[in-house]
Amino acid sequence: MKTTGVVRRIDDLGRIVIPKEIRRTLRIRDGESLEIFVDREMIALKKYSSMDDMTEIAKTLADTISSTIKKNIFITDRDKFIVTTGEEKKKYLGKTISRILEQHMNEREMLIEKNLHFVELLDGKKEEYSYIINPINVKGDVVGLVIILSQEEAMSDTDEKIAVVMSDFLSKHIEE
């Protein structure tokens, strides 16, 4: 574990302030949940993702649909790619999503580019795809994205419906 050199006091209510620079670096937003771990005399904080419990189901869903429609499918949580399919799998899996994807997530709307167009999935790296990006909404909060990509085929109305069904399916499983 890496030390930051920052020391903070706990106030009389048991609170501690995480410095702004650290929150910005780790993309911790106001109101976001953190998971608390204890190991002997150490307390560790980790960003909580409701998508963590869904990874296996999301992977099975994405693999099944990807093999049927012959397009890459990526699923993200609020910060990183948690499921990827196709040839691009290793290039994105576990990587932090771009600030542009984060903005789309905050806009809470489906984004469709039916023909080849440049998109920035990772910060500073634009690639040409036709794509559908659909948020996963759970009780009014966006917890991730379903992304369907292709470098060869245009997106169809069916692909659009599939993105909606996938988002709805994952949302309902998280709510339960």
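Our subject in this report is the structure included herewith. (Residues numbered from 1 in each chain as written. Predicted model: local features only at pLDDT ≥ 70, side-chain atom pairs only at ≥ 80, totals over all residues. Heavy atoms only, no water.)

Among the nonpolar cores identified, the biggest contains 22 residues, and Ile65, Ile73, Ile75, Ile148, Met166 and Leu170 are the most heavily contacted of them. When neighbours within four sequence positions are excluded, methionine 166 is seen to be in contact with Leu61, Ala62, Ile65, Ile73, Ile75 and Val146. Grouped together as the second largest cluster of nonpolar side chains are 16 residues, Ile97, Leu101, Val119 and Ile147 included. (Core = buried A, V, L, I, M, F, W, Y, C linked by side-chain atoms within 4.5 Å. Buried < 20%, exposed > 50% of the residue type's maximum accessible area, 1.4 Å probe, protein only. Contact = heavy atoms within 4.5 Å.)

A few words now on the packing of aromatic side chains. Applying the stated criterion across every chain yields a total of three aromatic pairs. Note on phenylalanine 74 and phenylalanine 81: the rings are 5.6 Å apart at their centroids and 85° apart in plane angle, and the pair reads as edge-to-face. Looking at phenylalanine 74, the relative accessible area reads 0%, which means it is buried. Centroid distance phenylalanine 74 to tyrosine 92: 5.0 Å. Interplanar angle 45°. Geometry classified as tilted. (Phe/Tyr/Trp six-rings, centres within 6.5 Å; stacked < 30°, edge-to-face > 60°.)

The next thing to look at is the sheet that holds strand 3 (residues 72–76). What holds strands together in a sheet is hydrogen bonding between their backbones, with the strands either parallel or antiparallel. One open sheet accounts for five strands, arranged 4-3-7-6-5; its pairing is antiparallel. Looking at strand neighbours, the two that pair on one side only are strand 4 (81–84) and strand 5 (111–122), the edges of this open sheet. Across the sheet, the mean angle separating the axes of adjacent strands is 40° when strand polarity is ignored. Bridge count between strand 3 and strand 4: three bridges; the pairing is antiparallel. Looking at strand 4, one finds that isoleucine 75 is bridged to valine 83. Across the sheet, helix 2 (residues 55–69) lies against strand 3, strand 4 and strand 7 (141–150), angled at about 160° from strand 3, the strand it touches most. (Pairing = 2+ DSSP bridges. Helix = DSSP H or I, 4+ residues; strand = E, 2+ residues; numbered from the N terminus. Axes fitted to C-alpha atoms, helices over the stretch in contact; angles between N-to-C directions.)

As a further point, take the packing of helix 2 against helix 5 (residues 157–175). Closest axis-to-axis distance for the helix 2/helix 5 pair is 11 Å, and the angle between their directions is 165°. Comparing their axes, helix 5 and helix 2 come out roughly antiparallel. Classified by chirality, the crossing of helix 5 by helix 2 is right-handed. From helix 2, Ile57, Ala58, Leu61, Ala62, Ile65 and Ile69 reach across to helix 5, where they touch Asp159, Ile162, Met166, Phe169, Leu170 and His173. Residues that form the contact of helix 2 with helix 5 fall into these classes: ten nonpolar, one polar and one charged. (Parallel < 35°, antiparallel > 145°, perpendicular 65-115°, else oblique. Left-handed = near helix turned anticlockwise from the far one by under 90°. Nonpolar A, V, L, I, M, F, W, Y, C, P; charged D, E, K, R; others polar.)

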